[in-house]
Amino acid sequence: MKRIAVLTSGGDAPGMNAAIRAVVRTGIDKGYEIFGVRHGFQGLTYGELFQMGPRDVGGIIQQGGTVLGSARCLEFKTLEGQLKAVRVIHQNEIDGVIVIGGNGSQTGAYELSKHNVPVVGISSTIDNDLYGFDITIGVDTALNIALEAIDRLKITASSHNRAFLVEVMGRNCGYLALTAAIAGGAEMAVLPETETDPEVVGENIRQAYEKGKAHAIVVVAEGASYDAEKLNDYFKTHKESLGFDVRMVILGHVQRGGAPSAFDRILGSRLGAAAIEQLSIGKSGVVVGLVNGKINSLPHADIVGVKKELDPQLINLARVLDK
Ligand code: F6P
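Read on for a plain summary of the structure. Values in this document were obtained by computation on a predicted structure and should not be read as measured data.

Quick word on the overall build of the protein chain
Helix and strand counts for the protein chain come out as 11 helices and 11 strands. Taking 20 Å as the expected radius of gyration for a compact globule of 323 residues, we find that the protein chain reaches 22 Å, a close match to that expectation. The principal-axis extent of the C-alpha atoms belonging to the protein chain is close to 70 × 35 × 30 Å. Pairs at least 24 apart in sequence give 75% of the contacts found in the protein chain among residues at least 6 apart. A total of about 13,800 Å² of accessible surface is found on the protein chain, and carbon and sulfur atoms cover 50% of it. Distance between charge centroids for the protein chain: 4 Å, based on 32 positive and 36 negative side chains.

Set out below in structure tokens:
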């Protein structure tokens, strides 16, 4: 193996740059030539490759986003698109590809590995929905951004005696909402994993009011059956029983834009190095990540498309703490 290409795919996640930097520097240290691919699988399909040296990744560890750019590439989902990418890989004499991304990206990486291209994935998504891994690159930073917003909202909520519905990202996974609710001292988390009854949400808000609390915070996962917008609409016609006036905030992409936390910089650095290590020992079709607190690799075949369940202990903890 001589030449390794690295790409970032899907939603950007703070800490991806640390992973790119580690791939470039540990790869060169081991004697490989490293090529960056612009805009994920799209760039791989259209030959947007360029060689990277150690200085090209200087000053990026503290930046959110990805210096390589990212994309959601529909063409790569087709066999034709994949074969185009395989041609580009052969033309550029690339011996291995590192794919930094979440569920969709690792599905693409798995497909690529089936075309006899050595591929190693790096688990990276703010959603924390990759089966088998404790926590992925970007989760810690996104969670801390959500917390900062919740802490701020509590201040204005207390001044006006209001309830806030705070919607956080996470696609179909409630991890960010649940942990933001626990760490943010919220009254309730509304999750995709459990059926939402808007009356129960209303009841929680009313109880907070009756206990004499100055505010109520409900953290809502974007994938919940009642998202913040639906709940807000519901409370427009059921506000008399709540006590508090209700406002809604959707954090959305703000959560992805922050400077990576120390945790994400270190995780990104460790996983970048681990991906190079895996390719150097001839591994392919695996994803590196944190498994039971240790850096490890899991086969794409075992994790792609498998649903990651929320820890029931965390769900229970949120219920007990929201008094
Ligand atoms: O997967 C990361 C994520 O931020 C999800 O939480 C969210 O549902 C989605 O990406 C948003 O996608 P896009 O950036 O394409 O709008």
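Still to come is the rest of the account.
What about the site of the ligand?
Taken together, Arg72, Ile126, Asp127, Met169, Gly170, Arg171, Glu222, His253 and Arg256 make up the full set of residues near the ligand. One of the side-chain N or O atoms of aspartate 127 is found 2.6 Å from an oxygen atom in the ligand. The separation between an oxygen atom of the ligand and a polar side-chain atom of arginine 171 is 3.3 Å. Cavity membership is defined here by more than half of the atoms lying within 2 Å of grid points; on that basis the ligand lies in the largest pocket. Here the residues of the shell around the ligand sort into 2 nonpolar, 2 polar and 5 charged. Two domains each donate at least three residues to the shell around the ligand, and these are domain 1 (3-138 + 260-303) and domain 2 (141-256).

Things to note about the layout of surface pockets
Its boundaries defined by the atoms lining it, the largest pocket holds a volume of some 740 Å³. As for the largest pocket, its lining consists of 34 residues, and the residues nearest its centre are Arg72, Asn103, Gly104, Ser105 and Arg171. In terms of residue count, the dominant contributor to the lining of the largest pocket is helix α4 (residues 103-113) (6 residues). A class-by-class count of the residues in the lining of the largest pocket yields 9 nonpolar, 14 polar and 11 charged. Counting contributing residues, the lining of the largest pocket receives three or more from each of domain 1 (3-138 + 260-303) and domain 2 (141-256). Computed from the structure, the second largest pocket encloses a volume of approximately 400 Å³. Lining the second largest pocket are 24 residues; nearest its centre among them are Met188, Ala189, Ala318, Arg319 and Asp322. Among the elements of the structure, α6 (175-183), β7 (188-190), α7 (198-210) and α11 (312-321) are those that each provide at least two residues to the lining of the second largest pocket. Tallying contributions element by element places α11 first for the lining of the second largest pocket, with 4 residues. Split into classes, the residues belonging to the lining of the second largest pocket amount to 13 nonpolar, 4 polar and 7 charged.

Details of the nonpolar core
Nonpolar side chains in soluble globular proteins generally cluster together in the buried interior. Membership of the largest hydrophobic core comes to 59 residues, with the highest contact counts inside it found for Ile34, Ile98, Ile100, Ile122 and Val219. The greatest single-element share of this core, amounting to 8 residues, is contributed by helix α5 (residues 139-160). Both domains that meet at this core, namely domain 1 (3-138 + 260-303) and domain 2 (141-256), each give it at least three residues. Counting 20 residues, the second largest nonpolar core, distinct from the first, contains Val37, Cys73, Val88 and Val119.

Observations regarding the packing of α7 against helix α8 (residues 228-237)
Interhelical geometry of α7 versus α8 gives an angle of 70° and a closest axis separation of 11 Å. Considering the angle they form, α7 stands roughly perpendicular to α8. Across the interface between the two elements, Pro198, Glu199, Val201, Gly202 and Ile205 of α7 pack against Leu231, Tyr234 and Phe235 of α8. Its residues assigned to classes, the contact of α7 with α8 comprises 6 nonpolar, 1 polar and 1 charged.

A look at the sheet that holds strand β4 (residues 96-101)
As summarised here, the arrangement of the 7 strands in space is β3-β2-β1-β4-β5-β10-β11, forming an open sheet in which the pairing is mixed. The open sheet terminates on both sides in strands that have one partner only, identified here as β3 (49-52) and β11 (294-299). Strand after strand, the sheet turns through a mean of 30° between neighbouring axes, direction not considered. As paired strands, strand β2 (residues 33-37) and β3 are joined by 4 bridges and run antiparallel to one another. Looking at the pairing, valine 37 lines up with leucine 49 of β3. Contacts from helix α1 (residues 16-29) reach β1 (3-8), β2, β3, β4 and β5 (119-123) within the one sheet, and its direction differs from that of β4 by about 160°.

About the criteria used
Residues numbered from 1 in each chain as written. Predicted model: local features only at pLDDT ≥ 70, side-chain atom pairs only at ≥ 80, totals over all residues. Heavy atoms only, no water. Helix = DSSP H or I, 4+ residues; strand = E, 2+ residues; numbered from the N terminus. Rg over C-alpha atoms; globule rule 2.2 N^0.38 Å. Contact = heavy atoms within 4.5 Å. Areas by Shrake-Rupley, 256 points an atom, 1.4 Å probe, with all protein chains shown as cover. Lys, Arg positive; Asp, Glu negative; His and termini not counted. Charge placed at Lys NZ, Arg CZ, Asp CG, Glu CD. Near = heavy atom within 4 Å. Polar contact = N/O pair within 3.5 Å; in protein donor to acceptor, adjacent residues only side chain to side chain. 1 Å grid on protein atoms, 1.4 Å probe; cavity = no way out; pocket = protein on both sides within 12 Å on 5 of 7 lines; lining within 4 Å. Sits in = over half its atoms within 2 Å of the grid points. Nonpolar A, V, L, I, M, F, W, Y, C, P; charged D, E, K, R; others polar. Domains from an automatic or database assignment. Points joined across faces, edges and corners; volume = space filled by probe spheres on them. Core = buried A, V, L, I, M, F, W, Y, C linked by side-chain atoms within 4.5 Å. Buried < 20%, exposed > 50% of the residue type's maximum accessible area, 1.4 Å probe, protein only. Axes fitted to C-alpha atoms, helices over the stretch in contact; angles between N-to-C directions. Parallel < 35°, antiparallel > 145°, perpendicular 65-115°, else oblique. Pairing = 2+ DSSP bridges.

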